[in-house]
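Geometric and topological summary
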Amino acid sequence: MVAGCRSSGVKTASALIVSGQAKLISIHACSVGAPTVIKVFDNTAASGKEVARLTLQPDVCLEFDMHGVLCRNGIYLEEASGAMEVSIEFA
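This report concerns the structure included in the present document. In this text the structure is predicted, and so the values were computed from the model without any measurement.

In spatial order, the strands read β2-β7-β4-β5; together these four strands make up an open sheet with antiparallel pairing. Edge positions in the open sheet fall to β2 (15-19) and β5 (49-56), since each of these has one partner strand only. Across the sheet, the axes of successive neighbouring strands diverge by a mean angle of 15°, strand direction being ignored.

Structure (structure tokens):
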């Protein structure tokens, strides 16, 4: 059996991904034309426990494996600076 997960779809701005408890599986991120800082919070807003921060040079893409980190309050994606294209995979 293959375990599955849900996806936020590609986001280009700060967004609430899910409210309530969820497992953060991975972050797929691309910076668009400028240095970019992306933050992910265990919360429903850009505050509280920060569980990931990605600092990307211009026009770089990567996958950040989070190994199922338990976010008890939700998952919030913040575009802290620059421009981004990000999808969050969670269960």
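With that out of the way, let us pick up the state of the cysteines. Inspection of every chain in the model, using the stated rule, returns one disulfide. Covalently, C30 is tied to C61 through a disulfide, its sulfur atoms 2.1 Å apart. Taking the sign of the S-S torsion, 115° for the link of C30 and C61, the bridge is right-handed. A residue pair is termed long-range when its members are at least 10 positions apart, and C30 in strand β3 (residues 22-31) and C61 in strand β6 (residues 61-71) qualify at 31 residues.

Reading the values: the criteria
- Residues numbered from 1 in each chain as written.
- Predicted model: local features only at pLDDT ≥ 70, side-chain atom pairs only at ≥ 80, totals over all residues.
- Heavy atoms only, no water.
- Pairing = 2+ DSSP bridges.
- Helix = DSSP H or I, 4+ residues; strand = E, 2+ residues; numbered from the N terminus.
- Axes fitted to C-alpha atoms, helices over the stretch in contact; angles between N-to-C directions.
- Disulfide = S-S within 2.5 Å.

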